[in-house]
Amino acid sequence: MSTATVAWRSPSNIAIIKYWGKHGLQLPRNSSISFTLSTAYTDTRIEFAEAPEHHIAYRYDGEINEAFAPRVVKFINSLHHEIPVLSRLSLSIDSVNSFPHSSGIASSASFMSSLALSLCEIEAKMTGTELDMQKVSHIARLGSGSACRSIFPVLGLWGTHDEVQGSSDMHAIAMADHAAEIYADYHNDILIVSSEKKSVSSTAGHALMDGHVYEAARYAQARSNMSQCLEALRSGDAHALGRILEEEALSLHGLMMNSSSSYILLKPKTLTAIERIRNFRAETGHPLYFSLDAGPNIHLLYPASIRDAVLSWRQEQLDPLCERVLEDRVGEGPINLIS
Ligand code: DP6
């Protein structure tokens, strides 16, 4: 067999209900749901060929990445049961992000989802089958939990929740059909308050949930917030959604601060930005709310209808607090770069 190529672009996502705490093989302690983004993405291209000796090469932005390559190789080698054809192939993998590597934005969701899409497409091509998005999401989850949600347009939900038929701990499901039109082009400006590398990895953070003093209370809160979130998505009530966004973001950081080995990822400028966002909301009544990932950077979420009012205010009040701002919005999910 000669060499063939697959290539996928996959976006990052921002969780409304946060995944924080896991068990077993990448299984979540609570269900989570996220907006799929568009301009923050990873492109992954894989050249593959049948070869007597299975070999994997990984480059980021054209260069061998000594720190990350072993993790990628180990992950792919762990998939031989899920994707048996891989053991007969040599793979040459190249990935690159649309956003600066050191911008402080987590790239595992976009990278692992683009990798899972590419690996599953190789299998589909070699076995003459259709690409199965449920399987792609399952593989992405094994790479990084939050990645399994990026596969779907607009919204992805991961983890079993009683009120959502078909929801599963094994993979995410599409949720765009369950949301009002207002969310299809929701804005998400990412305010990079600090691009310093995180002091504690997500994996270590998840582990601190085991035996956490608020463990049971957190999972009960996530369940109840998920139910309210589904209603706010259905009804299009941006204020109701925003209240949940902020509660989830601050709970996530509260859990970090309260864990047995406490840590704080928020910076003073994060708190200043939060105060200004809340003042803007109180003064204008506009549904402008924030979220946070496991880091100090603010995700500013709002409907397209208030874009003009937000932009001029943001440039004056928030941009000076930031190293840079990446303007993103909710998007249509992954793109096949070859077909
Ligand atoms: C705070 O998906 O990065 O972003 O499964 O260990 O790779 P691993 O963790 P990861 O955790 C992300 C947690 C979060 C919240 C979320 O995206 O739901």
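Source: prediction; values computed, not measured.

K.L.:
How should the environment of S194 be read in this particular structure?
P.N.:
Mapping S194 onto the fold places it in the loop between β10 (187-192) and α4 (202-207). Along the backbone, S194 and I105 are 89 residues apart, and their C-alpha atoms lie at a distance of 9.8 Å. Reaching out from S194, the side chain makes a polar contact with the backbone nitrogen of E196 at a distance of 3.2 Å.

K.L.:
I tried to follow the site of the ligand on my own but got confused; where do I start?
P.N.:
Close to the ligand lie 17 residues; Y19, K22, S144, G145 and S146 are nearest. A distance of 2.7 Å is found between an oxygen atom of the ligand and a side-chain nitrogen or oxygen belonging to S144. The fraction of the free accessible surface of the ligand (460 Å²) that becomes covered by protein chains is 93%. Ranked by the residues each element gives to the shell around the ligand, the list is headed by α4, at three residues. Among the residues making up the shell around the ligand, the classes are represented as five nonpolar, eight polar and four charged. Both domains that furnish three or more residues to the shell around the ligand are identified here as domain 1 (4-178) and domain 2 (182-329).

K.L.:
Please clarify how helix α2 (residues 108-127) should be interpreted in this entry.
P.N.:
Side chains that are three or four residues apart share a direction in an α-helix, a result of its 3.6 residues per turn. Between its first and last C-alpha atoms α2 spans 28 Å; for 20 residues at 1.5 Å apiece the expected length is 28 Å, and the two agree. Judged by how many residues are buried, α2 sits mostly within the fold: 16 of 20 residues are covered. Of the residues flanking the end of α2, it is G128, one or two places downstream, whose phi is positive at about 65°.

K.L.:
How should the packing of helix α5 (residues 215-235) against helix α6 (residues 238-258) be read in this particular structure?
P.N.:
Axes are the key here: two packed helices are described by the angle between their axes and the distance separating the axes. Viewed as axis vectors pointing N to C, α5 and α6 meet at an angle of 160°, and their least axial separation amounts to 9 Å. Considering their axes alone, α5 and α6 lie roughly antiparallel with respect to each other. Crossing hand, α5 versus α6: left-handed. Within the contact between the two elements, α5 uses R218, Q221, A222, N225, Q228, C229, A232 and L233 and α6 uses A240, L241, I244, E247, E248, S251 and L255.

K.L.:
How should I be thinking about the domain arrangement of the protein in this particular structure?
P.N.:
Accessible area lost when the parts come together is the quantity often used to give the size of an interface. Partitioning the protein into domains gives domain 1 (4-178) and domain 2 (182-329). Centre-to-centre separation of domain 1 and domain 2, based on C-alpha positions: 24 Å. The interface of domain 1 with domain 2 comprises 34 residues on the first partner and 46 residues on the second. Roughly 3200 Å² of surface becomes buried between domain 1 and domain 2 when both sides are summed, with 66% attributable to carbon and sulfur atoms. At the junction of domain 1 with domain 2, the criterion picks out one salt bridge. Note that D210 is salt-bridged to R29, the shortest N-O span being 3.8 Å. Seen at the junction of domain 1 and domain 2, the total is twelve residue pairs in polar contact (both at pLDDT 80 or more).

K.L.:
Any chance you could explain unusual backbone geometry here in plain terms?
P.N.:
Peptide bonds are mostly trans, and most non-glycine residues show a negative phi. Even without being a glycine, Q26 presents a positive backbone phi close to 60°. Locating Q26 in the fold gives a position in the loop between β2 (22-23) and β3 (27-28). Even without a glycine there, the phi angle at D61 is positive, about 55°. Among the structural elements, D61 can be located in the loop between β5 (55-60) and β6 (63-64).

K.L.:
Is there a simple way to explain the side chain of R307 in this structure?
P.N.:
One can find R307 in helix α8 (residues 307-317). Its relative accessible area of 16% is what places R307 among the buried residues.

K.L.:
Just to check I follow, could you spell out the environment of A7 for this structure?
P.N.:
Take A7: it is sitting in strand β1 (residues 4-17). Under the relative-accessibility criterion, A7 is labelled buried at 0%. With 88 residues separating them along the chain, A7 and S95 place their C-alpha atoms 9.4 Å apart. Apart from residues lying up to four places away in sequence, A7 is in contact with T44, R45, I335, N336, L337 and I338.

K.L.:
How do you make sense of the pairing of strand β11 (residues 289-292) when you look at a structure like this?
P.N.:
Looking down a regular strand, the side chains alternate between one sheet face and the other. Side-chain alternation along β11 places Y289 and S291 on one buried face and F290 and L292 on a second face that is also buried. Where β11 folds back onto strand β12 (residues 298-302) in an antiparallel hairpin, the turn is made up of five residues.

K.L.:
What is the right way to read the pairing of β10 from this model?
P.N.:
Burial analysis of β10 places six of its six residues in the buried class, the great majority of the element. Burial along β10 is two-sided: H187, D189 and L191 facing one way and N188, I190 and I192 facing the other are all buried. Strand direction decides the pairing type here: β10 and β12, joined by five bridges, are antiparallel. In the sheet register, D189 faces β12, and the bridge partner there is L300.

Scoring rules and cut-offs
- Residues numbered from 1 in each chain as written.
- Predicted model: local features only at pLDDT ≥ 70, side-chain atom pairs only at ≥ 80, totals over all residues.
- Heavy atoms only, no water.
- Helix = DSSP H or I, 4+ residues; strand = E, 2+ residues; numbered from the N terminus.
- Polar contact = N/O pair within 3.5 Å; in protein donor to acceptor, adjacent residues only side chain to side chain.
- Near = heavy atom within 4 Å.
- Areas by Shrake-Rupley, 256 points an atom, 1.4 Å probe, with all protein chains shown as cover.
- Nonpolar A, V, L, I, M, F, W, Y, C, P; charged D, E, K, R; others polar.
- Domains from an automatic or database assignment.
- Expected span 1.5 Å × (residues − 1).
- Buried < 20%, exposed > 50% of the residue type's maximum accessible area, 1.4 Å probe, protein only.
- Axes fitted to C-alpha atoms, helices over the stretch in contact; angles between N-to-C directions.
- Parallel < 35°, antiparallel > 145°, perpendicular 65-115°, else oblique.
- Left-handed = near helix turned anticlockwise from the far one by under 90°.
- Contact = heavy atoms within 4.5 Å.
- Buried area = accessible area lost by both parts, 1.4 Å probe.
- Salt bridge = Lys/Arg side-chain N within 4 Å of Asp/Glu carboxyl O.
- Pairing = 2+ DSSP bridges.

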